[in-house]
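So you can see what is in the structure, the chains are spelled out below.
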Amino acid sequence: MSRDMTTEKTYRGYPINNGNDNDLPCYTKTLDQIIDTVEYMGSKHSRVLSVRLDIHSERYSDYALSSEDMTRIIENVKRQTDSRFKNGKNDPDLHVVWVSEKTTSDDNPHYHLNIFVNGNAIQNGYLIKEAFNRAVKKKLDTDNDGLVNFSSSNGKMGKFIERNSPDVDAQMDDVVYTASYLAKTRSKEHNPKGSRVPSSTRIRKK
């Protein structure tokens, strides 16, 4: 097993999703990005909302979203979200960890994202989903509303971490476990060599 992968059921003290039989290795770089973001957001905000999205290109189109496109989409969503809540008392403080995958070498890439925001500003994950939906449609110049999927792992509106809750540790475990799906090595072996498989928005470490 490579040092940049793990088949352990926990990583840095958090449970991770590597299959019922520990047969789905996870990339530690992606796990570090997830955990660093969760801990950063939890230290900065009393309430954090975590939302997982899946983004696809149009099936029969000649154009597929690239990693550069995803970077622009995330920047656009962050800018639009900041503008929407600029007069509120809470900064949405949107952060994203995302990965690129290809089911086969001939397939177009698709993307898994875990978005983290200040839960005092945004309480409904569908607001985030719709923001990404608008940005993806604009980038692809399409009216197709089926390209951004709200993962069933989110529950009804997303997962919350509430610092003052007696269940805060369990909430953090739940969010990391759900987000760790992004770290699985499976379906990333078909990505072009040298491509940016995992990426995340910058956080300011203490």
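Preceding this paragraph is the structure being described.
Presented here is a report on the structure given in the accompanying data block. Everything numeric in this text was worked out from a predicted model, so none of it was measured. (Residues numbered from 1 in each chain as written. Predicted model: local features only at pLDDT ≥ 70, side-chain atom pairs only at ≥ 80, totals over all residues. Heavy atoms only, no water.)

**Section: the overall build of the protein chain**
In terms of helices and strands, the protein chain carries four helices and 10 strands. Along the protein chain, from the amino end to the carboxyl end, the secondary structure elements read β-β-β-β-α-β-α-β-β-α-β-β-α-β. Taking 2.2 N^0.38 as the reference for a compact globule, 206 residues should give roughly 17 Å; the C-alpha atoms of the protein chain span a radius of gyration of 17 Å, in line with that estimate. Projected onto its principal axes, the C-alpha positions of the protein chain cover 50 × 45 × 30 Å. Taking all 206 residues of the protein chain together, 50% fall into the buried category. By element, 44% of the accessible surface of the protein chain is carried by carbon and sulfur atoms, the whole surface being about 11100 Å². In the protein chain, 32 positive and 29 negative side-chain charges are present, and the distance between their average locations comes to 6 Å. (Helix = DSSP H or I, 4+ residues; strand = E, 2+ residues; numbered from the N terminus. Rg over C-alpha atoms; globule rule 2.2 N^0.38 Å. Buried < 20%, exposed > 50% of the residue type's maximum accessible area, 1.4 Å probe, protein only. Areas by Shrake-Rupley, 256 points an atom, 1.4 Å probe, with all protein chains shown as cover. Lys, Arg positive; Asp, Glu negative; His and termini not counted. Charge placed at Lys NZ, Arg CZ, Asp CG, Glu CD.)

**A closer look at the packing of aromatic side chains**
This model, assessed by the stated rule, comprises two aromatic pairs. A centroid spacing of 5.9 Å and a plane angle of 65° characterise the contact between W98 and Y111, whose relative ring orientation is edge-to-face. Highlighted residues: W98 in strand 6 (residues 95-101) and Y111 in strand 7 (residues 110-118), separated in sequence by 13 residues. For the pair shown, W98 and Y111 are each scored as buried. Plain terms: the ring middles of Y126 and F150 are 4.0 Å apart, the flat faces sit at 20° to each other, and that makes the pair stacked. Of this pair, Y126 sits in helix 3 (residues 125-140) while F150 sits in strand 8 (residues 148-150), and the two are 24 residues apart along the sequence. On the basis of relative accessibility, which here comes to 14%, the residue F150 falls in the buried class. (Phe/Tyr/Trp six-rings, centres within 6.5 Å; stacked < 30°, edge-to-face > 60°.)

**Some thoughts on the environment of V148**
With respect to the element layout, V148 can be found in strand 8. Sequence spacing of V148 and D69 is 79 residues, and the spatial spacing of their C-alpha atoms is 14 Å. Once residues within four sequence positions are removed from consideration, V148 is found in contact with L53, D54, I55, K129, F132, N133 and V136. (Contact = heavy atoms within 4.5 Å.)

**Observations regarding the packing of helix 1 (residues 28-44) against helix 4 (residues 168-179)**
Packing of helix 1 against helix 4 leaves a shortest axis separation of 10 Å and a crossing angle of 150°. Accordingly, the angle class assigned to the pair helix 1 and helix 4 is roughly antiparallel. Between helix 1 and helix 4 lies a crossing of right-handed hand. Where helix 1 abuts helix 4, its residues I34, I35, V38 and E39 lie against M172, V175, V176 and A179. Classifying every residue of the contact of helix 1 with helix 4 by side-chain character gives seven nonpolar, no polar and one charged. (Axes fitted to C-alpha atoms, helices over the stretch in contact; angles between N-to-C directions. Parallel < 35°, antiparallel > 145°, perpendicular 65-115°, else oblique. Left-handed = near helix turned anticlockwise from the far one by under 90°. Nonpolar A, V, L, I, M, F, W, Y, C, P; charged D, E, K, R; others polar.)

**So, the nonpolar core**
I55, L113, I115, I128 and F132 are the most contacted members of the largest nonpolar core, which has 29 residues in total. Elements with a contribution of two residues or more to this core: strand 5 (47-55), helix 2 (67-84), strand 6, strand 7, helix 3 and strand 8. It is helix 3 that provides the largest number of residues to this core, a total of six residues. Contacts of L113, omitting those with residues within four sequence positions, involve V51, R52, L53, I55, M70, I74, V96, V97, W98, F132 and L182. (Core = buried A, V, L, I, M, F, W, Y, C linked by side-chain atoms within 4.5 Å.)

**Re helix 2**
An ideal rise of 1.5 Å per residue puts 26 Å on 18 residues; helix 2 measures up with 26 Å between its terminal C-alpha atoms. Of all the positions in helix 2, only S67, D69, M70, T71, I73, I74, N76, V77 and T81 are classed as buried. Considering only its buried residues, helix 2 is in contact with strand 5, strand 6, strand 7 and helix 3. (Expected span 1.5 Å × (residues − 1).)

Purely spatial values, then, with no claim about function.
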